[in-house]
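In case you want the letters, here they are:
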Amino acid sequence: HLLVAGQTGGGKSTFLRQLIVTHLLNCKGANFVLIDLKEGLESHLFEGIPNVGIYEDVASAAERLGDFEGSLPERLAVIKAAGCLDFDAYIKSDSKKIFLERQFVVVDEAAELFLAGGGTKSSDAQRARRALSDLARRGRAAGIHVVIATQRPDSRSLDPQIKANLTGVLCFQMANDASSITVLGNGMATELPAIPGRAIWKVGGEMVELQTPLLTHDVALKLLKPLRPEKTG
């Protein structure tokens, strides 16, 4: 699981683009749920790819996330019945009888999904929050990986229980110490140089400054072209 945070212009959207493209090309057979409520994921890049579902409004996103409330326990039961501890062990096991595909759930911008008001129904926000909290807590063992991106990492915009289970953190430049402290526990993200793609990677107690890779829009289109079925007629 991964939390990606950063203010506009820092490189968050570009990182998400290369993250999704890289996994599409390398995780054959995986399914992707892309929740793009502010066009941060450039959804048009991924339209027409068979194993990618794109959700651009809160109601449809909440409904899709709600589906995991049934499928997640089923996947865990299949893994347990095979005598395996988690998805990776199940994939390597000789005893598997039911095919389970790896799944990725990418949400950008989380605040638009969780905060009721502005056209978002309270019931949809609650359902999305509940489903994502469960996925963040139990999804990794079932082969469901959650990536949540946000410009606003405060407790109202990002559920603390969800945040606690996003063990990998990539934080681009933040506007103030309060936002940086919310994500990293310190002000390092406000001290980053104004270089697009420069970020702090945090896992456990370790933090390192790094430069994320650049994948341009045009190159991404070329890489993804073979994944789209050819149109006939």
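One structure accompanies this document, and this report is about it. (Residues numbered from 1 in each chain as written. Predicted model: local features only at pLDDT ≥ 70, side-chain atom pairs only at ≥ 80, totals over all residues. Heavy atoms only, no water.)

This brings us to the overall build of the protein. A count of helical and extended segments in the protein gives 8 helices and 8 strands. Against the globule reference of 17 Å for 233 residues, the protein gives a C-alpha radius of gyration of 18 Å, in line with a compact fold. Here the C-alpha coordinates of the protein stretch approximately 50 × 45 × 40 Å along the principal axes. Across the 233 residues of the protein, 48% fall into the buried class. Restricting the contact set of the protein to residue pairs at least 6 apart, pairs at least 24 apart contribute 65%. Total accessible area computed for the protein in this model is approximately 11500 Å², and 53% of it derives from carbon and sulfur atoms. One way to put it: in the protein the 27 positive side-chain charges average out to a point 4 Å from where the 27 negative ones average out. (Helix = DSSP H or I, 4+ residues; strand = E, 2+ residues; numbered from the N terminus. Rg over C-alpha atoms; globule rule 2.2 N^0.38 Å. Buried < 20%, exposed > 50% of the residue type's maximum accessible area, 1.4 Å probe, protein only. Contact = heavy atoms within 4.5 Å. Areas by Shrake-Rupley, 256 points an atom, 1.4 Å probe, with all protein chains shown as cover. Lys, Arg positive; Asp, Glu negative; His and termini not counted. Charge placed at Lys NZ, Arg CZ, Asp CG, Glu CD.)

You can see A141 is positioned in the loop between helix 5 (122-138) and strand 5 (144-150). Judged by its relative accessible area of 29%, A141 is partly exposed.

Looking now at the nonpolar core. Judged by nonpolar contacts, the single largest core of 37 residues is most densely connected at L65, V105, L113, L132, L135 and I148. No other element matches the 6 residues that helix 2 (residues 58-81) contributes to this core. In this structure V105 touches V33, L65, F68, L132, L135, I144, H145, V146 and V147, once residues within four positions along its chain are discounted. Counting residues in each nonpolar core, the second largest holds 26 residues, with F46, V106, A220 and L224 among its members. (Core = buried A, V, L, I, M, F, W, Y, C linked by side-chain atoms within 4.5 Å.)

For the rest of this paragraph, the subject is the pattern of salt bridges. This structure, assessed with the given rule, holds 9 salt bridges. The salt bridge partner of K12 is D108, with a shortest N-O separation of 3.5 Å. Of this pair, K12 sits in helix 1 (residues 12-26) while D108 sits in strand 4 (residues 103-108), and the two are 96 residues apart along the sequence. You'll find K12 and D108 in the same group, each marked buried. With a closest N to O distance of 2.6 Å, E42 and R17 form a salt bridge. Taken together, the positions of E42 in the loop between strand 2 (31-36) and strand 3 (52-55) and R17 in helix 1 put the pair 25 residues apart, joining distant regions of the chain. Through salt bridges with shared partners, a single network forms among D134, R137 and R138. (Salt bridge = Lys/Arg side-chain N within 4 Å of Asp/Glu carboxyl O.)

Scanning all chains against the criterion turns up 2 aromatic pairs. Look at F15 and F172: their rings are 6.2 Å apart centre to centre, the planes differ by 55°, and that puts the pair in the tilted class. With F15 in helix 1 and F172 in strand 6 (residues 168-172), this residue pair connects regions lying 157 residues apart in the sequence. Taken individually, F15 and F172 each receive the classification buried, so the pair is uniform in this respect. Ring geometry for F32 versus F104: centroids 5.0 Å apart, planes at 15°, classification stacked. Placement of F32 in strand 2 and of F104 in strand 4 is noted, with a sequence separation of 72 residues between them. Of the two residues examined, F32 and F104, each falls in the buried class. (Phe/Tyr/Trp six-rings, centres within 6.5 Å; stacked < 30°, edge-to-face > 60°.)

Right, let's get into the sheet that holds strand 4. Strand order in the open sheet formed by 8 strands is 3-2-4-5-1-6-7-8, and the pairing between neighbours is mixed. The two strands at the open ends of the sheet, each matched to only one other strand, are strand 3 and strand 8 (206-211). Shown here is a sheet whose adjacent strand axes are inclined to one another by a mean of 15°, direction ignored. Across 4 bridges, strand 1 (residues 2-5) lies against strand 6 in parallel orientation. Each bridged residue has a counterpart across the sheet, and for L3 the counterpart in strand 6 is V169. Strand contacts of helix 2: strand 2, strand 3, strand 4 and strand 5, with the helix running at about 150° to strand 4, the strand carrying the most contacts. (Pairing = 2+ DSSP bridges. Axes fitted to C-alpha atoms, helices over the stretch in contact; angles between N-to-C directions.)

This part covers the packing of helix 1 against helix 8 (residues 217-224). A pair of packed helices is captured by two measures, namely the crossing angle of their axes and the spacing between those axes. In contact at an axis separation of 11 Å, helix 1 and helix 8 are set at 15° when each is read in the N-to-C sense. Taken together, the axis directions place helix 1 and helix 8 in an arrangement best described as roughly parallel. The interaxial crossing formed by helix 1 with helix 8 has left-handed handedness. Counting all contacts with helix 1, which are made through R17, V21, L24 and L25, the residues of helix 8 involved are H217, A220, L223 and L224. Across the contact of helix 1 with helix 8, the residue classes tally to 6 nonpolar, 1 polar and 1 charged. (Parallel < 35°, antiparallel > 145°, perpendicular 65-115°, else oblique. Left-handed = near helix turned anticlockwise from the far one by under 90°. Nonpolar A, V, L, I, M, F, W, Y, C, P; charged D, E, K, R; others polar.)

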